[in-house]
Amino acid sequence: RGEEKWPRGDQKTWTSSMRNVFTETSDVTKSIVNHVQTSLARAPYNLDDFGAYQAAALATRDNLIVNWNETQIHFTRKQPKRAYYLSLEFLMGRTLSNALLNLGIQPQTEQSLSSLGFSIEDVLVQERDAALGNGGLGRLAACYLDSSATQELPVWGYGLRYKYGIFMQLIKEEDGSQLEAPDPWLEHQNPWELPRLDVVYEVRFYGSSERLNDGSGRAVWSGGQEVLAVAYDVMIPGYGTRNTNNLRLWESKPKRGFDLQSFNAGDYEHAVEASNSAAAITSVLYPNDHTTFGKELRLKQQYFWTAASLADMMRRFKNMDKPINEFAEYNAIQLNDTHPTLAIVELMRMLVDEEDVPWSQAWTIVTNTFFFTNHTVLPEALEKWPVPLMQHLLPRHLQIIFDIVRRFFLSVEKKFPGDVARLARMSLIEEGFPQQIRMANLAVVASRKVNGVAELHSELVRKNLFPDFVEFFGKSKFSNVTNGVTPRRWLDQCNPALSQLITDTLKLPRDVWLKDLYKLEGLLQHVDDPKLQKSWAAVKRQNKERLAHFVEQMFGLKVDASAMFDVQIKRLHEYKRQTLNILGVIYRYLLLKNMTPEERKKVNKKVVFFAGKAAPGYYVAKLTIRLIVNVSRVINADPDTNQYLSLFFLPDYSVSLAEVLIPAADISQQISTAGTEASGTSNMKFCLSGGLLLGTVDGANIEIAEEVGEDNVFFFGHLTPDVDKLRYEHTYHPVPVEQKCPELAKVLDAVSSNIFGGNGVYEPLLNTVRQGDYYILTDDFDSYIRAVEMVDEAYQDQTEWIKKSIRTTAKMGKFSSDRAIQDYAQEYWNIESSRVSE
Ligand code: F58
């Protein structure tokens, strides 16, 4: 609480030397040069682009720190209710350009760098992505932090500081398959984090737990391994405000470096073992996508992170001198999927064992504190942990879980007496060998609210995932918050030309519409203006040329920017159906091959782009990548057709690659089997940049179509209610592909005949379609091909196409993450904005 009075010396000396954010170019320049000279210890004459990036980052960071400090002091004084976003993944991407935008010093920095002899574009691309996430879930967390700060809300993120982010993807020259390499992203230091070596907590694993049996329900947990959690703070600036929030990431380290005794006894291996195993906890992000493995280290990560985060929240709360019963009045915790569910158990443990709160009172606090977001209905993605593993690693937590189970059982039994089947369905423990803990059920039971991430998905969460819980707790506990994306990064930063055109057209300052995205609707009144249409098309063309240039440098192949750019970029997964897309490309290629040169000239030219990573152990997904790469090699080398159709698989998909691809797309493919993609968020990003949507009636595609109107999207495929029926038929009344979908059968046979090489390697992939066809490609193929034809046809009329594109961007207001965060803040967390004064 020292900040209320000046600790030492003369107040004037302090205040006269304190500075605010630099706004003058000359100050920015001085600061950059100062960092070159001192922090980097480099001379001006040997400074390269990377050095310039480092110096610019350090100069920018100084400004962030000033605002970040002010914000922390502001909220510590004010003592509002706070919200915490617990996410095992934060897929931040690059920071410098975002920080410059949010601080409002982009032009000054550009000018300053230029006078020092550097171009800002060249400097910005020096930065390595912070890739601490797998995909949508992690990127959503990053967008939500941006919006929370922009809305001046007291929200902190808590996560892990992985030494290695998501793996780097390489494509093997010989056979086109995916190779994984580590991502040592911290190698060259990370200017965006502040190590807080003084913010440290001890976290225990293993050991034993003794119940006190004094009627209090308390227990003593002791022994085992203790490791330290050290805080690293990442500054999250809001746009158009000084408010700068915090993302606190934990790093694990051994409690006592070496075991000196073993070391002195000559047992070096044993001596370093403990320190290795502590450091291992935060060493690597698990590259899973929609599967869980039950690995001990993953559970260790989850507990390490939730324990440190809760200890930190508790310390902050206690500094406020409020009674413990008011914990939930001052703290809301959002669980980003089930990964942080142990936080529920940990808070129970802290309250009961450490704060001496009676069980039922503790349970009231807990159930008022937590909120749970589900991100998938795929059964294989629902987390379960073996009871024996939990017993071994967290003996006290297992006791608490069983205590929760017992009480919950009693209350269900009371409401539905004798309904044993219901009890089994609702139990937090799944019977079997071994028994497993169902983390989603635990999260539901202990949370105040449960939400899905788009209307359809939230409906499926209620109807398919947790129907018994809806009946038990009532409907109001289950609701929807449709995802959103930050328009700062996903429009202004990645598509500056479009942002400028929008500002000019709306005749509104950029910071007005970037903070209130519904203002984009103002574009609608200009849709018919030929001048706007022309400029709109020119912006798209410019972005396509930027991408074409990028690809030409990478592959040494010319890319025709006058062709339609068709993009599918996301994690490789059978449910996302990249396979449907590539089979569609092959279909198109075979058609072109069979045409006369005259006929070909009438065909819409198209360049197809794919990018995305496959989980290292996901065989079928990796085969899909291999097929795409090898098809691209054949197609791009075919002189008969390559003016009309070309195909690229861009390796190592990342946030910064998405920032180049998305603004350049004429159309994006969002083609998951209906009912499988919870929301999707890249669909929103493409539409924001005026890329039209080719997709299924799934996830947020549905709400996008509701906003922009069905004439402006290209929908195809079976609807969610049909999917189960079709799957049933595939199993019990299978019809061969040749009969059901002859066009598709030809395509599959073409692949089998090895015209794209492979010598039969693709058979297991093709068989997922020929047999079982769980993701209903055979049922959707014809409708998909018709939809692609409709897209071609629509593209022929460029004026109409551009109008669709403008209308699409105009109706994206709903999909700003600012709106989503407002929903959470008001309907869930009950927190209020508070602006840090200038
Ligand atoms: C994604 N989930 C959904 N999970 O698939 C997508 O529809 C949605 O838009 C997005 O969340 C945001 O709500 C997702 O990305 C993961 O990556 C998990 C990582 C950890 C293992 C399980 C999957």
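Residues numbered from 1 in each chain as written. Predicted model: local features only at pLDDT ≥ 70, side-chain atom pairs only at ≥ 80, totals over all residues.

Peer 1: What is the right way to read the overall build of the protein from this model?
Peer 2: Of regular secondary structure, the protein possesses 36 helices and 24 strands. For the protein, whose C-alpha radius of gyration is 28 Å, the value lies close to the compact-globule estimate of 28 Å for 838 residues. For the protein, the C-alpha atoms occupy an extent of roughly 85 × 75 × 65 Å along the three principal directions. For the protein, buried positions account for 49% of its 838 residues. Residue pairs at least 24 apart in sequence account for 76% of intrachain contacts in the protein once pairs closer than 6 positions are excluded. (Helix = DSSP H or I, 4+ residues; strand = E, 2+ residues; numbered from the N terminus. Rg over C-alpha atoms; globule rule 2.2 N^0.38 Å. Buried ≥ 20, exposed ≤ 12 C-beta atoms within 10 Å, placed from the backbone. Contact = placed C-beta atoms within 7 Å.)

Peer 1: What's the story with the site of the ligand in this structure? I'm lost.
Peer 2: If you check the shell around the ligand, you find 19 residues, and the closest are Asn-134, Gly-136, Leu-137, Ala-678 and Ser-679. A domain-level breakdown of the shell around the ligand finds at least three residues from each of domain 1 (79-94 + 129-447) and domain 2 (540-823). (Near = placed C-beta within 6 Å. Domains from an automatic or database assignment.)

Peer 1: Looking at this structure, how should I read unusual backbone geometry?
Peer 2: Peptide bonds are mostly trans, and most non-glycine residues show a negative phi. At the junction of Phe-433 and Pro-434, the peptide bond is cis and its omega measures out at 0° in the coordinates. Here Pro-434 is to be found in the loop between β15 (429-430) and β16 (436-438). Backbone geometry at Glu-152 places phi at a positive 60°, although glycine is not the residue there. With respect to the element layout, Glu-152 can be found in the loop between α7 (136-150) and β4 (155-160). Residue class for Glu-152 comes out buried when judged on the 20 C-beta atoms lying within 10 Å of it. The phi dihedral of Asn-759 is positive, around 55°, even though this residue is not glycine. The exposed category is assigned to Asn-759, around which 7 C-beta atoms lie within 10 Å.

Peer 1: What exactly am I supposed to notice about the domain arrangement of the protein here?
Peer 2: By the assigned domains, the protein splits into domain 1 (79-94 + 129-447) and domain 2 (540-823). Once you take the C-alpha centre of each, domain 1 and domain 2 turn out to be 36 Å apart. Counting residues at the interface gives 37 residues for domain 1 and 25 residues for domain 2. Listed by contribution, the elements that provide at least two residues to the side of domain 1 that touches domain 2 are β2 (90-93), α7, β5 (168-171) and β6 (178-181). For the side of domain 1 that touches domain 2, the leading source of residues is α7, giving nine residues. A per-class count over the side of domain 1 that touches domain 2 returns 13 nonpolar, 17 polar and seven charged. (Nonpolar A, V, L, I, M, F, W, Y, C, P; charged D, E, K, R; others polar.)

Peer 1: How should the packing of α7 against helix α36 (residues 817-829) be read in this particular structure?
Peer 2: Between two packed helices, what matters for the description is the angle formed by their axes and the separation of those axes. Running from amino to carboxyl end, α7 crosses α36 at an angle of 75°, the nearest separation of the two axes being 9 Å. Relative to α36, the element α7 is oriented roughly perpendicular. Within the contact between the two elements, α7 uses Cys-143, Tyr-144, Asp-146, Ser-147, Ser-148 and Thr-150 and α36 uses Ser-817, Asp-818 and Ile-821. (Axes fitted to C-alpha atoms, helices over the stretch in contact; angles between N-to-C directions. Parallel < 35°, antiparallel > 145°, perpendicular 65-115°, else oblique.)

Peer 1: Would you explain the nonpolar core in this entry?
Peer 2: For soluble globular proteins, nonpolar side chains are generally found buried alongside one another. In terms of nonpolar packing, the biggest core is built from 231 residues, with Ala-56, Ile-344, Phe-609 and Leu-661 touching the most fellow members. Two domains each donate at least three residues to this core, and these are domain 1 (79-94 + 129-447) and domain 2 (540-823). (Core = buried A, V, L, I, M, F, W, Y, C linked by C-beta atoms within 7 Å.)

Peer 1: When you look at α7 in this model, what are you seeing that I'm missing?
Peer 2: Because an α-helix completes one turn every 3.6 residues, residues spaced three or four positions apart along the sequence face the same direction. The end-to-end C-alpha distance of α7, which contains 15 residues, comes to 21 Å, matching closely the 21 Å that a straight helix rising 1.5 Å per residue would cover. Burial analysis of α7 places 15 of its 15 residues in the buried class, which makes it a mostly covered element. Trailing α7 by a residue or two, Glu-152 shows a phi angle of about 60°, which is positive. (Expected span 1.5 Å × (residues − 1).)

Peer 1: Got a minute to help me understand the environment of Ile-105 in this structure?
Peer 2: Considering the arrangement of structural elements, one finds Ile-105 in the loop between α4 (96-103) and α5 (106-115). A sequence separation of 612 residues divides Ile-105 from Gly-717, and the C-alpha atoms of the two residues are 47 Å apart. With near-sequence residues (within four places) excluded, Ile-105 lies in contact with Phe-22, Thr-23, Val-28 and Leu-100.

Peer 1: Help me out: how do you make sense of the confidence of the model for the protein in this one?
Peer 2: If pLDDT is low for a region, its predicted coordinates should not be looked at in detail. When pLDDT is averaged across the protein, the result is 96; 98% of the residues are at 70 or more. Of the two predicted TM-score estimates for the complex, the pTM is 0.97 and the ipTM is 0.98. (pLDDT = per-residue confidence, 0-100.)

Peer 1: Got a minute to help me understand the pairing of strand β21 (residues 645-649) in this structure?
Peer 2: Consecutive residues of a regular strand have side chains that alternate between opposite faces of the sheet. Burial within β21 is extensive, with five of its five residues counted as buried. With burial as the criterion, each face of β21 is covered, one bearing Leu-645, Leu-647 and Phe-649 and the other bearing Ser-646 and Phe-648. Read from strand β20 (residues 606-611) through helix α26 (residues 619-636) to β21, the crossover connection turns out right-handed. (Right-handed = clockwise from strand over helix to strand, strands pointing away.)

Peer 1: I would appreciate a short explanation of the sheet that holds β16 in the present structure.
Peer 2: Strand pairing in a sheet takes place through backbone hydrogen bonds and is either antiparallel or parallel in direction. Spatially, the three strands line up as an open sheet ordered β14-β16-β15, and their pairing is antiparallel. The outermost strands of the open sheet, each flanked by one partner alone, are β14 (384-386) and β15. Where β14 lies against β16, three bridges are found, and the strand directions are antiparallel. The residue of β16 that forms the bridge with Pro-386 is Gln-436. (Pairing = 2+ DSSP bridges.)

Peer 1: Looking at this structure, how should I read the environment of Gln-169?
Peer 2: Locating Gln-169 in the fold gives a position in strand β5. In sequence terms Gln-169 and Asp-666 are 497 residues apart; their C-alpha atoms lie 26 Å from each other. Setting aside residues up to four positions removed in sequence, Gln-169 forms contacts with Gln-178, Glu-180, Lys-613, Pro-651 and Asp-652.

Peer 1: Which parts of the structure should I look at to understand helix α21 (residues 496-506)?
Peer 2: Every buried residue belonging to α21 is among Leu-498, Ser-499, Ile-502 and Thr-505, and all of these are buried. Angularly, the buried residues of α21 cover 130° about the axis, an arc narrow enough to put them on a single face. Where α21 is buried, its residues contact α20 (487-493), α22 (510-513) and α23 (530-555). Trailing α21 by a residue or two, Lys-507 shows a phi angle of about 55°, which is positive. (Arc of directions from axis to C-beta.)

Peer 1: Help me out: how do you make sense of the sheet that holds strand β7 (residues 193-205) in this one?
Peer 2: Pairing is mixed across the open sheet formed by nine strands, whose spatial order is β7-β10-β11-β4-β1-β12-β13-β17-β18. Since the sheet does not close on itself, it has two edges, and those belong to β7 and β18 (478-480), each with one partner. Each strand axis lies, on average, 25° off the axis of its neighbour in the sheet, ignoring direction. Across three bridges, the pairing between strand β17 (residues 449-452) and β18 is parallel. Within β18, the position partnered with Val-450 by the bridge is Phe-478.

Peer 1: When you look at the packing of helix α10 (residues 296-318) against helix α12 (residues 342-354) in this model, what are you seeing that I'm missing?
Peer 2: At a minimum axis separation of 9 Å, α10 and α12 run at an interaxial angle of 50°. When the axis of α10 is compared with that of α12, the two are oblique. Judged by the sense of rotation from one axis to the other, the crossing of α10 with α12 is right-handed. Facing Gln-302, Tyr-303, Thr-306, Ala-307, Ser-309, Leu-310 and Met-314 of α10, the residues of α12 in contact are Leu-342, Ala-343, Glu-346, Leu-347 and Met-350. For the contact of α10 with α12, the per-class residue count stands at eight nonpolar, three polar and one charged. (Left-handed = near helix turned anticlockwise from the far one by under 90°.)

Peer 1: Just checking my understanding: could you explain the environment of Lys-602 for this structure?
Peer 2: Positionally, Lys-602 belongs in the loop between α25 (597-600) and β20. On the basis of neighbour count, Lys-602 is assigned to the exposed category, with 9 C-beta atoms found within 10 Å. In sequence terms Lys-602 and Leu-692 are 90 residues apart; their C-alpha atoms lie 22 Å from each other.

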